[in-house]
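Understanding the architecture of this molecule
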Amino acid sequence: MTYEELVQDHAGGMIEKLVTWVVSQDPVEIRFDFQDNDQWAVVTMHIYEEDKEIALRLHANDQYNLYFGYYDDEDEFFEIIHALTEEEKKIIPEGLKKVMKKVLSDEEGMRLPGNFLSR
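The present account deals with the structure reproduced in this document. (Residues numbered from 1 in each chain as written. Predicted model: local features only at pLDDT ≥ 70, side-chain atom pairs only at ≥ 80, totals over all residues. Heavy atoms only, no water.)

1. Comments concerning the pairing of strand S2 (residues 38-47)
Spelled out, the test is: Think of it in three bands: residues with accessible area under 20% of the maximum for their type are buried, residues over 50% are exposed, and the middle band is partly exposed, with areas taken using a 1.4 Å probe on protein chains only. Secondary structure is summarised from DSSP: a helix means a run of H or I of at least four residues, a strand means a run of E of at least two, and numbering begins at the N terminus for each. Strand pairing is assigned whenever DSSP detects at least two bridges linking the two strands.
Most of S2 is tucked away: 7 of the 10 residues are buried. Taking the residues between adjacent antiparallel strands as the criterion, strand S1 (residues 28-35) and S2 are bridged by 2 residues, where Asp-36 takes a positive phi near 55°. The sheet contact formed by S2 and strand S3 (residues 52-59) spans 8 bridges and is antiparallel. Looking at S3, one finds that Met-45 is bridged to Ile-54. Hairpin geometry of S2 and S3 is characterised by an intervening segment of 4 residues between the two adjacent antiparallel strands and by a positive phi of about 55° at Asp-51.

As structure tokens, then:
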């Protein structure tokens, strides 16, 4: 299975893995980021031993993306971005959604205990 197939076909499982990690962190950081005219709140999990990262991004208009970044064998970095379906959005705890919306609206990151976000 390619990484593209993994993200496309198993996004729900990847979101669950990320959420499980997020709620176990103390603290967890939700950052504000932007590029050109696009702005988003993001929470990221790094898998250093595999040179991968999984992130959940919230953009304007309640648009969530699953972000998967990885290095190939030649150390070239690749990014795969998957727009979440309504069903996939339901996996995200309401507490995490609220904090991500606040980070996006305030344009300022936050650090909180992960268990606070699982509510």
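2. Here's the deal with helix H2 (residues 11-24)
Helical geometry note: an α-helix holds 3.6 residues per turn, so side chains three or four residues apart project in the same direction. What counts is decided by this rule: Helix span is expected to be 1.5 Å times the residue number reduced by one. The directions from the helix axis to the C-beta atoms are what the arc is built from.
In this model, H2 (14 residues) spans 20 Å end to end at C-alpha, consistent with the 20 Å of a helix rising 1.5 Å per residue. Buried residues of H2: Ala-11, Gly-12, Met-14, Ile-15, Leu-18, Val-19 and Val-22, and no others. Projected down its long axis, H2 shows its buried positions confined to an angular sector of 160°, all on one face. Facing away from the buried side of H2, by more than 90 degrees, are the exposed residues Thr-20 and Ser-24.

3. Describing the packing of aromatic side chains
Worth spelling out the cut-off: Aromatic pairs are defined between Phe, Tyr and Trp rings, using the six-membered ring for Trp, whenever the two ring centres lie within 6.5 Å; interplanar angles under 30 degrees are classed as stacked, those over 60 as edge-to-face, and all others as tilted.
Under the definition given, this model contains 6 aromatic pairs. Taking 5.1 Å as the distance between ring centres and 50° as the angle between the ring planes, the aromatic pair formed by Tyr-3 and Phe-68 counts as tilted. One end of the pair, Tyr-3, is in helix H1 (residues 3-9); the other, Phe-68, is in strand S4 (residues 63-71), with 65 residues separating them in the sequence. When its relative accessible area of 28% is taken as the criterion, Tyr-3 is described as partly exposed.

4. Observations regarding a negative patch on the surface
The condition is simple: Residues form patches when they are more than 30% accessible in relative terms and have no salt bridge. Like charges link within 9 Å. Nonpolar side chains (Val, Leu, Ile, Met, Phe, Trp, Tyr) link within 5 Å. All accessible areas in this document rest on Shrake-Rupley with a 1.4 Å probe, and a residue is counted as covered only by the protein chains that are shown. Any Lys or Arg side-chain nitrogen found within 4 Å of a carboxyl oxygen on Asp or Glu counts as a salt bridge. For this count, His and the chain ends are skipped, Lys and Arg are scored as positive, and Asp and Glu as negative. In plain terms, the charge of a residue is placed at NZ if it is Lys, CZ if Arg, CG if Asp and CD if Glu.
On the surface, Asp-51, Asp-73, Glu-74, Asp-75 and Glu-76 cluster together to form a negatively charged patch. Its place among the elements puts Asp-51 in the loop between S2 and S3. Take Asp-51: its relative accessible area is 40%, and that puts it in the partly exposed class.

5. With respect to helix H4 (residues 94-106)
Counted at 1.5 Å a residue, the expected span for H4 with its 13 residues is 18 Å, and the 18 Å between its end C-alpha atoms agrees. Trailing H4 by a residue or two, Glu-107 shows a phi angle of about 55°, which is positive.

6. Focus: the sheet that holds strand S5 (residues 77-83)
The condition is simple: Helix axes are fitted only over the stretch in contact, all axes being lines through C-alpha atoms; the angle between N-to-C directions runs from 0 to 180 degrees. In what follows, a contact means two residues having at least one pair of non-hydrogen atoms within 4.5 Å.
With antiparallel pairing, 6 strands are arranged side by side in an open sheet as S5-S4-S3-S2-S1-S6. Among the strands making up the open sheet, the edge pair consists of S5 and strand S6 (110-112). Across this sheet, the average inter-strand angle for adjacent strands is 25°, counted without regard to direction. Across 5 bridges, S1 lies against S2 in antiparallel orientation. Residue pairing for S2: Phe-32 is matched across the bridge by Ala-41. On the sheet, H2 packs against S1, S2, S3, S4 and S5 and is oriented at approximately 80° with respect to S2.

Purely geometric numbers; function is a separate question.
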